[in-house]
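Structure at a glance
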Amino acid sequence: QVRLVETGGGLVQPGGSLRLSCAASRSTFTYSDMGWYRQAPGKERELVAISLNGGGTNYADSVKGRFTISRDNAKNTVYLQMNSLQPEDTAVYYCHAEWYGGDSWGQGTQVTVSS
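Before going into details, it helps to say that this report is about the structure given with it. Quick caveat: nothing in here was measured; it's all calculated off a predicted structure.

**Details of the overall build of the chain**
Scanning the chain from terminus to terminus reveals zero helices and eleven strands. The helix and strand sequence of the chain, counted from the amino end, reads β-β-β-β-β-β-β-β-β-β-β. For 115 residues, the compact-globule formula gives about 13 Å, and the C-alpha radius of gyration of the chain, at 13 Å, lands near that figure. Overall size of the chain, expressed as C-alpha extent along the three principal axes, is 40 × 25 × 25 Å. By residue count, 42% of the 115 residues in the chain fall in the buried class. Long-range contacts, defined here as pairs at least 24 residues apart, represent 53% of the contacts in the chain between residues at least 6 apart.

**Examining the packing of aromatic side chains**
Following the criterion strictly, the structure yields two aromatic pairs and no others. When the ring of Tyr37 is compared with that of Trp105, the centres are 5.0 Å apart and the planes differ by 65°; the resulting orientation is edge-to-face. Here Trp105 lies in strand 10 (residues 102–105) and Tyr37 lies in strand 4 (residues 33–39), a separation of 68 residues in the sequence. The partly exposed category is assigned to Trp105, whose relative accessible area is 37%. Ring centres of Tyr94 and Trp105 lie 6.5 Å apart, and the angle between their planes is 85°; this geometry places the pair in the edge-to-face category. You can see Tyr94 sitting in strand 9 (residues 91–99) and its partner Trp105 sitting in strand 10, a full eleven residues away along the chain. Ring-pair connections join several aromatic residues into one group, and the members of that group are Tyr37, Tyr94 and Trp105. Lying across the ring of Tyr94, Arg45 places its NZ or CZ 3.7 Å from the centre. The cationic tip of Arg45 hangs over the ring face of Trp105; the distance from NZ or CZ to the ring centre is 4.6 Å.

**Observations regarding the nonpolar core**
Grouped together as the largest cluster of nonpolar side chains are 28 residues, with contacts concentrated most on Trp36, Leu80, Met82 and Tyr93. Among the elements that take part in this core, strand 9 stands out by supplying five residues, more than any other.

**Quick notes on the sheet that holds strand 7 (residues 67–72)**
With antiparallel pairing, four strands are arranged side by side in an open sheet as 1-3-8-7. The sheet is open, and its two edges are formed by strand 1 (4–7) and strand 7, each paired on a single side. Neighbour to neighbour, the strand axes of the sheet diverge by 15° on average, direction disregarded. Of the strand pairs in this sheet, strand 3 (residues 18–24) and strand 8 (residues 77–82) are connected by six bridges, and their pairing is antiparallel.

**Considerations on the pattern of salt bridges**
Taken as a whole, this structure holds four salt bridges when the rule is applied. Ionic pairing is found between Glu46 and Arg38, a salt bridge with its closest N-O pair at 2.7 Å. Look at Glu46 and you get partly exposed, because its relative accessible area is 35%. Among the ionic pairs, Arg38 bridges to Asp89, the shortest N-O distance being 2.9 Å.

Criteria and thresholds
Residues numbered from 1 in each chain as written. Predicted model: local features only at pLDDT ≥ 70, side-chain atom pairs only at ≥ 80, totals over all residues. Heavy atoms only, no water. Helix = DSSP H or I, 4+ residues; strand = E, 2+ residues; numbered from the N terminus. Rg over C-alpha atoms; globule rule 2.2 N^0.38 Å. Buried < 20%, exposed > 50% of the residue type's maximum accessible area, 1.4 Å probe, protein only. Contact = heavy atoms within 4.5 Å. Phe/Tyr/Trp six-rings, centres within 6.5 Å; stacked < 30°, edge-to-face > 60°. Lys NZ or Arg CZ within 6 Å of the ring centre and 35° of its normal. Core = buried A, V, L, I, M, F, W, Y, C linked by side-chain atoms within 4.5 Å. Pairing = 2+ DSSP bridges. Axes fitted to C-alpha atoms, helices over the stretch in contact; angles between N-to-C directions. Salt bridge = Lys/Arg side-chain N within 4 Å of Asp/Glu carboxyl O.

Take a look at the structure:
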């Protein structure tokens, strides 16, 4: 089992920025697709961004041009840089790892965008 620990959430004003980090406990990170998902109250969990283990990234249309996912394989860590945050970005953000034969979720970190 891979343990994922997210950090970096918090309260930010509209137009502000936050960077989320997700540290993985095992070196299978290198071979994993790493994604960030979010779930707002009363809504289903949705994919925000994904970093593929073979290279390449994908983003939800709602965050393209504002969010950037990146990874540091040497540190087993994936990041989500969030700029130009809006109230509709308020949600619990979850890190997800998927590798051949398994997957794992982090515990989630709250992001609140409010003035």
